[in-house]
Amino acid sequence: MLDGIYSPDIYEKEPLKILVILSETYGYGKYKMTEIETLPNINTLNPSDSHVAIVPSVNNIAKLLWLLFYSFKQNKLLSKSEIPLRYNNTNKLKEALLKIAWINVKKESGQNSRQNGSIVYEHAIRNKDILIMQIESISPDLIIICGDMAMRSLSDLKILGQNLKSSCKNQIQINESGQKIIHLSHPSYFKDWGYDSI
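Throughout this description, residue numbers start from 1 for each chain and increase along the sequence as written. At least 70 in pLDDT is required for a residue's local features to be given in this predicted model, at least 80 for side-chain atom pairs to be given and counted, and no such filter applies to totals for whole chains, interfaces and linings, which use all residues. By convention in this description, side-chain values take in all heavy atoms of the structure and omit both hydrogens and water.

*Asks:* Sorry if this is basic, but what is going on with the overall build of the protein here?
*Replies:* Helix numbers and strand numbers start at the N terminus; a helix is a DSSP run of H or I with at least 4 residues, a strand a run of E with at least 2. A count of helical and extended segments in the protein gives six helices and six strands. Counting from the amino terminus, helix and strand elements in the protein follow one another as β-α-β-α-α-β-α-α-β-α-β-β. By residue count, 48% of the 198 residues in the protein fall in the buried class. Counted over contacts in the protein with a minimum sequence separation of 6, partners at least 24 positions apart contribute 74%. Only the protein chains shown count as cover for residues, and the accessible areas themselves come from Shrake-Rupley with a 1.4 Å probe. By element, 51% of the accessible surface of the protein is carried by carbon and sulfur atoms, the whole surface being about 10500 Å². A simple rule labels every residue: compare its accessible area, found with a 1.4 Å probe on the protein chains alone, to the largest value its type can have, and call it buried under 20%, exposed over 50%, or partly exposed in between. In this description, contact between two residues means that some pair of their heavy atoms is separated by no more than 4.5 Å.

Structure (structure tokens):
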């Protein structure tokens, strides 16, 4: 997953603009990525890319986003019985991803399947100005921060505001700009990202 707004035309028309922030790009194994500055196009997601919505973390976030957009469109909270079968439809999940923006605190893939928190934090310090510029240009209404290290670094460095607390997991906080911010577990944490939890 690359940094940026996947489809500016789609994002611009969304009544609820969502930004997802994670610690680092998914690049372990065959999806290895290098520094984002070397990539030719950071603002495009090709819906036919076979790895999108197959990588477990991306798949879980796509499910959450699809349900969020569906609930928003219905203008109500959904009960489990109201969730359509296409909740697991890969094409629908990819469509949900096309509506959002996505950035990573660390702009390169990890070398291992597990992230190194201290390295992510160092990158947050190094990328602070870039992160601020990205968030300001994306101008989201809702920011979903997935993972403790992403949240801790953004909170400590006051990238999203002065009074953001990293200890308020699963709770909505509002910053000085009026943006709603929620801190969730990393989507690879199966206990918080099972079917019922999503």
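*Asks:* Just checking my understanding: could you explain the packing of aromatic side chains for this structure?
*Replies:* What characterises a pair of aromatic rings is the spacing of the ring centres plus the angle enclosed by the ring planes. What counts as a ring pair is set by centres within 6.5 Å for rings of Phe, Tyr and Trp (its six-membered ring), and what kind of pair is set by the plane angle: stacked under 30 degrees, edge-to-face over 60, tilted for all other angles. Counted under the stated rule, the structure contains one aromatic pair. With centroids separated by 5.0 Å and ring planes inclined at 10°, the aromatic side chains of W66 and Y70 adopt a geometry described as stacked. Note that W66 and Y70 are positioned in helix 2 (residues 56-74) at a spacing of four residues, about one turn of the helix. A relative accessible area of 8% means that W66 is categorised as buried. Look at Y70 and you get buried, because its relative accessible area is 18%. Only lysine NZ and arginine CZ atoms are considered, and such an atom sits over a ring when it is within 6 Å of the ring centre and within 35 degrees of the ring normal. Across the ring face of Y11, the terminal group of K17 is positioned such that the distance to the ring centre comes to 5.9 Å. One Lys or Arg, K99, reaches over the ring of F69 and ends 4.9 Å from the middle of that ring.

*Asks:* Help me understand the sheet that holds strand 6 (residues 180-184) in this model?
*Replies:* Picture the strands of a sheet paired through backbone hydrogen bonds; they go either parallel or antiparallel. Reading across from one edge, 1-3-2-4-6-5 is the order of the six strands in this open sheet, with mixed pairing throughout. In the strand order of this sheet, the two ends are held by strand 1 (4-5) and strand 5 (172-174), each with one partner. We call two strands paired when DSSP finds no fewer than two bridges between them. In the sheet, strand 2 (residues 18-24) pairs with strand 3 (residues 101-106) via five bridges, with the strands oriented parallel. Each residue of the ladder has a partner; that of L22, found in strand 3, is N104. Contacting strand 1, strand 2, strand 3 and strand 4 (142-146), helix 5 (residues 128-138) runs over the sheet at an angle of about 170° to strand 3. Angles run from 0 to 180 degrees between N-to-C directions of axes, and those axes are lines fitted to C-alpha atoms, restricted for helices to the stretch in contact.

*Asks:* Quick question: what am I supposed to make of helix 4 (residues 117-126) here?
*Replies:* For an α-helix the count is 3.6 residues per turn, leaving residues at separations of three or four pointing the same way. Within helix 4 the residues assigned to the buried category are V120, H123 and A124. Burial along helix 4 is one-sided: seen end-on, the buried residues are contained in an arc of 105°. Residues E122 and R126 are exposed on helix 4 and point more than 90 degrees away from its buried face. Working definition: the arc comes from the directions between the helix axis and the C-beta atoms, pointing outward to the latter.

*Asks:* Could you clarify how one ought to interpret the confidence of the model for the protein in this entry?
*Replies:* The pLDDT value tells you how sure the predictor is about a given residue, anywhere from 0 up to 100. Averaged over all residues, the pLDDT of the protein equals 80, while 78% of them reach at least 70. Counting contacts from residues 28-47, a segment whose pLDDT is below 50, to residues more than four positions away or on other chains yields 46 contacts.

*Asks:* Help me understand the nonpolar core, please; the structure alone is not making it clear to me.
*Replies:* Here is a general trend for soluble globular proteins: nonpolar side chains tend to be buried in one another's company. Membership of the largest hydrophobic core comes to 27 residues, with the highest contact counts inside it found for I18, V20, L65, I100, W102 and I144. Of all the secondary-structure elements, those providing two or more residues to this core are strand 2, helix 2, helix 3 (90-98), strand 4 and strand 6. Those residues in contact with L65 that sit more than four places away from it in its chain are I18, V20, A96, L97, I100 and I144. For our purposes a nonpolar core is just a set of buried Ala, Val, Leu, Ile, Met, Phe, Trp, Tyr and Cys residues, chained together by side-chain atoms within 4.5 Å. One finds V120, M149, L157 and I181 within the second-largest nonpolar core, a separate group that totals 23 residues.

*Asks:* Sorry, what's going on with the packing of helix 4 against helix 6 (residues 148-156) here?
*Replies:* Geometrically, a packed helix pair is captured by the angle between its two axes and the distance between the axes. Across the interface, helix 4 lies against helix 6 with an axial gap of 9 Å and an inter-helix angle of 35°. When you trace helix 4 past helix 6, the crossing you get is right-handed. On helix 6, the residues touching G117, V120, Y121 and A124 of helix 4 are M149, R152, S153 and D156. By the definition used in this description, the sense in which the near helix is turned from the far one sets the handedness, with an anticlockwise turn below a right angle giving left-handed and a clockwise turn giving right-handed.

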